[in-house]
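The chain contents come next:
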Amino acid sequence: MSVALKMVGVGLAYDGAQGQHRVVADFSLALEAGHIGCLLGPSGSGKSTVLRAIAGFEPVRAGSIVLGERLLSSPTVHLPPEQRHVGLMFQEYALFPHLTAAHNVGFGLRRLARAERRERVAAMLDLVGLGHTAQRYPHELSGGQQQRIALARALAPQPALLLLDEPFSNLDASTRERLTDEVRDILKMAGQTALLVTHNEAEAQVFADHIGVVSGGRLASWNPTLSPSTQGPQ
Amino acid sequence: MKRLRSVGPVWRGGSIAIALGVLVPLLALLWLGLGSGLGHWAHLAGHVLPNAALNTVLLLLGVGLLTLLIGTGCAWLVTAHDFPGRSVLHWALLLPLAMPTYIVAFAYLDLLHPIGPLQGALRWALGLDSPRDLRLPELRSMGGAIFVLGFALYPYVYMSARAMFMTQPAHLMEAARALGETRLGAFWRVALPLARPALAVGLSLALLETLNDIGASEFLGINTLTVTIYTTWITRSDLAGAAQIASALLFVVIALVMLERLARQHQRYGSAQRMRAIQPRRLQGASAWGASIAAGLPVLIGFIAPALYLAWETAKRLSQGGGISSGLLTSLVNTLLLAAGVTVITVGAGLVVAWAARGQGSIRNRDAWVARLASLGYAVPGTVLAIGLLTPALALDASLAGLLGLPGLPLMGAGVVLVLACAIRFLAMPVGGIEAGLARLPAALEQASRLLGETALGTLKRVHLPLLRPAIVASSLLVFVDAMKELPATLLLRPANFDTLATWLYAEAARGTYEEGAIAALAIVIAGLLPVVLLARKPLSIGMVEEVKK
């Protein structure tokens, strides 16, 4: 198994009123291709900031972030988000309210020819089981449907890495349980490398192959889960 | 409980009467315009309308494009970027609102005169000495009018675009970036389409102001429909003709109002989500200074340059020992009296309408509809409103004079018609302001007061009026200042030999004498700054409350 995401000694900080405010320090991990990793920690622990740094929304003050062979971030290098081939699924889904479900999914496929794009959008909608909602607008979809559209949209450009920021926290308990399994199956079927951020330990155990516990801006541990699929995609 | 919520018949009757009063000039206009025979229309369509209508359409197109460009561009610059001067420009970009369009035109006619300060300085810098060697394009042209009105009116677009960008959730832009869009691409494909309804609202307000404008187009020699209405009545004394042009203009207004209403309906897009706002990105080096200049230019052109010009001319005039003429002082007193009268009547009527519309449920819908009707006047250009009021007012005056044996025109002569016209035009401000104030007060307050034995009127006096004071004060200020600035209706409806600061300025500019016009203009601009300060603080403080909540 090759390593997909490699973070070495990453440090992150915000510019505050009293100079820089350190949020994350000496953060290192390696995630293998096709695996699902999870950062587990309470809110304010810095886990979401790590995710935003990988996506390219926060500059790195120390260390480096490498995806495959490409250096994404270091104190001197900062690849803009649109060139990283990193997908991001937001806690609030962030579906574009002025576009239909199909246009949302096709948003990142501008470089494809029209026919090819239409095909991919249809395939992605089928993958998440929502082919019938193609022409609906986000506000016409249920919470669970919006979540799956957001997943389809993030997966459509075939990112090298998919980031998921608390993707299940806005759902009610029963929907969340069902969708956790569903999304994991979809990711595994697509062979997608993914990194999830959550504060819910049960969710982390079911969803991930590797769990890292984050506290106080540091990675306290990085261990495989006990789930059978730790051995890689079936 | 049900009785507590229902609006008393007196209040509702008053509210409906006010709304009907607003409709009188519009109905009179349509009756006049459509009832005076087709022959008249043929003459208009053949000779007057094509030229004036074409000018109006060109002016609307040009001003629309320019205000959209400046307003949207500056709003995006100050909300999504950080650069030197940003925190000042954030509110300073609103300053041109203090400058009525006719004052901007008045100032630039002198500033940009071939032998005026700007072209003179330019020639000096280039080492030329004759105005023949270098001449900027003529300001008295369609392009000049678009330039003046665009830089005077862009704040309407800026204001609504900025409010939209400030509340737009940051994660939508981030999602676009993560899906492979560049910063510019994300702006075009996400931020801009989402702001479209807000832009349409701001645009329609700017265009309604363009239609209302008479001074700037007249000074710059652009014969618009509004100007044509004025000259048809004042120089040709053809009331029926003026009414026909006015009713034609009314259709343009209706189209713009429909655009605004439609846009407002779509504005609820995604606003239900409470999200992290877009964080301004710090610009470095040349792009930072470029942004400062780009966002500073509209303030410079739309406010600072004309304001400095007026201050300079005023100082020059006063230092020459000329003092202020008694005529100008009388105009100042007239202006303040007129504005005070308009404010009392308009805010009083606004209170009645808003209070009557406060009910809830299905009752509310009906009374709120009356309130919308009563607020229609803001969209009607001053000249159109004036022509609409003239016929009923003249008829009433004639019968009053006959009945009481009075000479002349009792209502017109006493300025009653002018005050009414201003009240109709500005009623939307107190109605909207007080309605918004009432909406923030819980219904339980009224119920508690009534259960404690207070009457409806007593509740209004003891509970709501004290709580509504900020809203009432704010809308009074808005109405007062707008009445001070009002030009088109005042020109048509003022009593004989009655001048306000605005008409004084108009007369001087029309004569081309430029004596004390700058003093009158400066007084209007200083008054006009008050509501801008209010506006500049309000949206910011709402944003700050939201920040604190998080």
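Owing to the predicted nature of the structure, the values given are computational and were not obtained by experimental measurement.

## A word on the overall build of chain A
Helix and strand counts for chain A come out as six helices and ten strands. A compact globule built from 234 residues would reach a C-alpha radius of gyration of about 17 Å, and chain A, at 17 Å, matches this within 12%. In terms of principal-axis extent, the alpha carbons of chain A reach across some 50 × 35 × 35 Å. Out of the 234 residues in chain A, the part that is buried amounts to 56%. Look at the contacts in chain A between residues 6 or more apart in sequence, and 66% of them connect residues 24 or more apart. Of the roughly 10,300 Å² of accessible surface on chain A, a fraction of 51% belongs to carbon and sulfur atoms.

## Thoughts on a nonpolar patch on the surface
All names here are of chain B. A cluster of nonpolar side chains, namely Ile293, Leu297, Leu300, Ile304 and Leu308, defines an oily patch on the protein surface of about 450 Å² accessible area. For Leu308, the location among the structural elements is in helix α13 (residues 285–319). Of the residues examined, Leu308 reaches a relative accessible area of 56% and is grouped as exposed.

## A word on the environment of Gly221 of chain B
Relative to the elements of secondary structure, Gly221 of chain B occurs in the loop between α10 (215–219) and α11 (225–234). Remark: the alpha-carbon pair of Gly221 of chain B and Ala121 of chain B, spanning 100 residues in sequence, is separated by 26 Å.

## A few points about the sheet that holds strand β8 (residues 194–198) of chain A
Residues and elements named next belong to chain A. Pairing within the open sheet is mixed, and its six strands lie in the order β6-β7-β8-β3-β9-β10. One side of each edge strand has no neighbouring strand; the edge strands of this open sheet are β6 (86–89) and β10 (218–224). On average, each strand axis in the sheet is tilted by 20° relative to the strand beside it, whichever way the strands run. Where strand β3 (residues 36–40) meets β8, five bridges bridge the pair, whose relative direction is parallel. When the bridges of β8 are listed, Leu40 appears paired with Thr198.

## Structural notes on the interface of chain B and chain A
Contacts between the two partners involve 20 residues from chain B and, on the opposite side, 21 residues from chain A. Roughly 2,000 Å² of surface becomes buried between chain B and chain A when both sides are summed, with 64% attributable to carbon and sulfur atoms. If you sort the residues of chain B by the area they bury against chain A, Arg177, Leu179 and Arg189 of chain B come out on top, with a joint share of 33%. Taken together, the connections running from chain B to chain A amount to three salt bridges. Residue Glu82 of chain A pairs with Arg177 of chain B through a salt bridge whose shortest N-O separation is 2.6 Å. Remark: the boundary between chain B and chain A carries seven residue pairs in polar contact (both at pLDDT 80 or more). Sorting the residues of the side of chain B that touches chain A by element identifies α8 (170–178) and α9 (183–212) of chain B as the ones contributing at least two each. Counting residues per element, the side of chain B that touches chain A draws most heavily on α8 of chain B, at seven residues. Split into classes, the residues belonging to the side of chain B that touches chain A amount to ten nonpolar, four polar and six charged.

## As for the confidence of the model for chain B
Residues and elements named next belong to chain B. Taken over all residues, the pLDDT of chain B has a mean of 85, while the share at 70 or more is 91%. In the model, residues 1–5 has pLDDT below 50 throughout and makes seven contacts with residues more than four positions away in sequence or in other chains. Across the predicted assembly, pTM comes out at 0.84 and ipTM at 0.81.

## Observations regarding the packing of aromatic side chains
Note on aromatic pairs: each is described by the distance of the centres and the angle between the planes. Residue and element names in this part refer to chain A. What the rule picks out here adds up to eleven aromatic pairs over all chains. Centroid distance Phe168 to Phe207: 5.6 Å. Interplanar angle 70°. Geometry classified as edge-to-face. Here Phe207 lies in helix α6 (residues 201–207) and Phe168 lies in the loop between β7 (161–165) and α5 (173–189), a separation of 39 residues in the sequence. Here the two residues Phe168 and Phe207 agree in accessibility, since each one is buried.

Conventions and cut-offs
- Residues numbered from 1 in each chain as written.
- Chains lettered and ligands numbered in written order.
- Predicted model: local features only at pLDDT ≥ 70, side-chain atom pairs only at ≥ 80, totals over all residues.
- Heavy atoms only, no water.
- Helix = DSSP H or I, 4+ residues; strand = E, 2+ residues; numbered from the N terminus.
- Rg over C-alpha atoms; globule rule 2.2 N^0.38 Å.
- Buried < 20%, exposed > 50% of the residue type's maximum accessible area, 1.4 Å probe, protein only.
- Contact = heavy atoms within 4.5 Å.
- Areas by Shrake-Rupley, 256 points an atom, 1.4 Å probe, with all protein chains shown as cover.
- Patch = residues over 30% accessible without salt bridge, like charges linked within 9 Å, V, L, I, M, F, W, Y side chains within 5 Å.
- Salt bridge = Lys/Arg side-chain N within 4 Å of Asp/Glu carboxyl O.
- Pairing = 2+ DSSP bridges.
- Axes fitted to C-alpha atoms, helices over the stretch in contact; angles between N-to-C directions.
- Buried area = accessible area lost by both parts, 1.4 Å probe.
- Polar contact = N/O pair within 3.5 Å; in protein donor to acceptor, adjacent residues only side chain to side chain.
- Nonpolar A, V, L, I, M, F, W, Y, C, P; charged D, E, K, R; others polar.
- pLDDT = per-residue confidence, 0-100.
- Phe/Tyr/Trp six-rings, centres within 6.5 Å; stacked < 30°, edge-to-face > 60°.

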